[in-house]
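Residues per chain are reported as follows:
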Amino acid sequence: MSGDLIHLCVNGQSVAVPEGANVAAAVAQVTTRFRRSVHGEPRAPLCGMGVCFECRVRVDGHANLRACMTPAREGMQVQTDD
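This section reports on the structure supplied with the text. (Residues numbered from 1 in each chain as written. Predicted model: local features only at pLDDT ≥ 70, side-chain atom pairs only at ≥ 80, totals over all residues. Heavy atoms only, no water.)

For the structure on display, the rule yields three salt bridges. Ionic pairing is found between Arg35 and Glu54, a salt bridge with its closest N-O pair at 2.9 Å. Placement of Arg35 in strand β3 (residues 35–36) and of Glu54 in the loop between β4 (42–43) and β5 (56–59) is noted, with a sequence separation of 19 residues between them. Take Arg35 and Glu54: they sit in the same class, and that class is buried. Its salt-bridge partner being Glu54, residue Arg43 comes within 2.9 Å of it at the nearest N-O pair. Note that Arg43 is positioned in strand β4 and Glu54 in the loop between β4 and β5, a separation of eleven residues in sequence. (Salt bridge = Lys/Arg side-chain N within 4 Å of Asp/Glu carboxyl O. Helix = DSSP H or I, 4+ residues; strand = E, 2+ residues; numbered from the N terminus. Buried < 20%, exposed > 50% of the residue type's maximum accessible area, 1.4 Å probe, protein only.)

Put into structure tokens, the structure is as follows:
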């Protein structure tokens with residue numbers, strides 16, 4: 001990480017994260033809940049390495065991306081399902 005900040009939008013809120021951060025780091029600034037289970041229970045990242053699939057979000061219109069595995073990019077639009 002170089003220290004430069006990347007600006008993106010999570011659930012309509014502007015967020016800044018260091019260059020090299022993943023989308024999960026940006027989402028964590030807005031909410032601890034990333035999605036809801038089929039039974040309506042709030043879900044959040046469990047593994048932090050892309051195995052559990054609990055951090056799925058919509059990025060720039062693309063659904064079910066793992067936030068912990070997706071690098072943050074300038075101008076991204078991220079939406080949680082919560």
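Moving on: the state of the cysteines. Counted under the stated rule, the structure contains zero disulfides. Not engaged in a disulfide, the cysteine Cys47 finds its nearest cysteine sulfur in Cys52; these two sulfurs lie 3.7 Å apart. Free of any disulfide, Cys68 has its nearest neighbouring cysteine sulfur in Cys55, separated by 3.7 Å. Judged by its relative accessible area of 11%, Cys68 falls in the buried class. (Disulfide = S-S within 2.5 Å.)

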